[in-house]
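Secondary and tertiary structure notes
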Amino acid sequence: MPQSQPSSKPTLTKAQAFALKKLTIMGYLEGTSFLLLLGIAMPLKYMLNMPEMVGYVGPVHGVLFIAYIVVLFITAHKIKMPLWALPAGVLGSFLPFGPFVFDYFLKKRLGK
């Protein structure tokens, strides 16, 4: 009878799973604010000459961006992310839909 091979995917403790969940939530908030800024606020500013929305969404996105980077570094330390994950997470935060794609691939790699 063949023996089962141990899984190559790491198992996370409750604290690590909680850190990953916080990263996911921050990524979704940051990614959504970026899409609102690019898809709604900036077109309103430049096409309809209505700059007010950028004044609201821009600072919110800035705070969420910084918070996402901080949570990314904390989570990378807590769960011992793969080597590619930290630079990919930072790069993803500069791209539309980047945090969503990063979250998908990180969870796929971690087996979540």
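Relevant structure appears above.
Cut-off values and rules
Residues numbered from 1 in each chain as written. Predicted model: local features only at pLDDT ≥ 70, side-chain atom pairs only at ≥ 80, totals over all residues. Heavy atoms only, no water. Salt bridge = Lys/Arg side-chain N within 4 Å of Asp/Glu carboxyl O. Helix = DSSP H or I, 4+ residues; strand = E, 2+ residues; numbered from the N terminus. Buried < 20%, exposed > 50% of the residue type's maximum accessible area, 1.4 Å probe, protein only. Contact = heavy atoms within 4.5 Å. Expected span 1.5 Å × (residues − 1). Patch = residues over 30% accessible without salt bridge, like charges linked within 9 Å, V, L, I, M, F, W, Y side chains within 5 Å. Areas by Shrake-Rupley, 256 points an atom, 1.4 Å probe, with all protein chains shown as cover. Arc of directions from axis to C-beta.

Re the pattern of salt bridges
Once their charged atoms are close, side chains differing in charge can pair, the charge on each being opposite to the other. Under the criterion given, the structure shown has 1 salt bridge. For aspartate 103, the salt bridge goes to lysine 107, with nearest N and O atoms at 3.5 Å. Linking aspartate 103 with lysine 107, this pair stays in helix α4 (residues 98–110), spanning 4 residues, or about one helical turn. The class for lysine 107 is partly exposed, based on a relative accessible area of 24%.

Considerations on the side chain of glutamine 16
Tracing the chain through its elements places glutamine 16 in helix α1 (residues 14–47). Accessibility expressed as a relative area gives 18% for glutamine 16, which makes it buried. If sequence neighbours within four positions are ignored, glutamine 16 has contacts with Thr11, Lys78 and Ile79.

A closer look at helix α2 (residues 52–79)
Taking 1.5 Å as the rise per residue, α2 with 28 residues should run 40 Å; its terminal C-alpha atoms sit 40 Å apart, in good agreement. By the burial criterion, the buried members of α2 are Val57, His61, Leu64, Tyr68, Ile69, Val71, Leu72, Thr75, Ala76 and Ile79. Contact partners of the buried residues in α2: α1, α3 (85–92) and α4. Of the residues flanking the end of α2, it is lysine 80, one or two places downstream, whose phi is positive at about 55°.

Re the environment of serine 93
Looking at the secondary structure, you find serine 93 in the loop between α3 and α4. Note on serine 93: relative accessible area 2%, which makes it buried. Through-space distance from the C-alpha of serine 93 to that of phenylalanine 65 is 7.3 Å; in sequence the pair is 28 residues apart. Not counting residues up to four positions away in its chain, the partners in contact with serine 93 are Glu30, Phe65, Tyr68, Ile69 and Pro99.

What about a nonpolar patch on the surface?
Taken together, the side chains of Trp84, Phe97, Val101, Tyr104 and Phe105 present a nonpolar region at the surface, about 530 Å² in accessible area. As for its position among the elements, phenylalanine 105 is in helix α4. With a relative accessible area of 42%, phenylalanine 105 lands in the partly exposed category.

Comments concerning α4
Relative to the 18 Å expected for 13 residues at 1.5 Å per residue, α4 spans 18 Å between its end C-alpha atoms, a close match to the ideal helical length. Buried residues of α4: Gly98, Pro99, Phe102, Asp103, Leu106 and Leu110, and no others. Looking down the long axis of α4, one finds its buried residues gathered within 130° of arc, a one-sided arrangement. Its buried side turned inward, α4 meets α1, α2 and α3. Looking one or two places after α4, you find glycine 111, whose phi comes out positive at around 75°.

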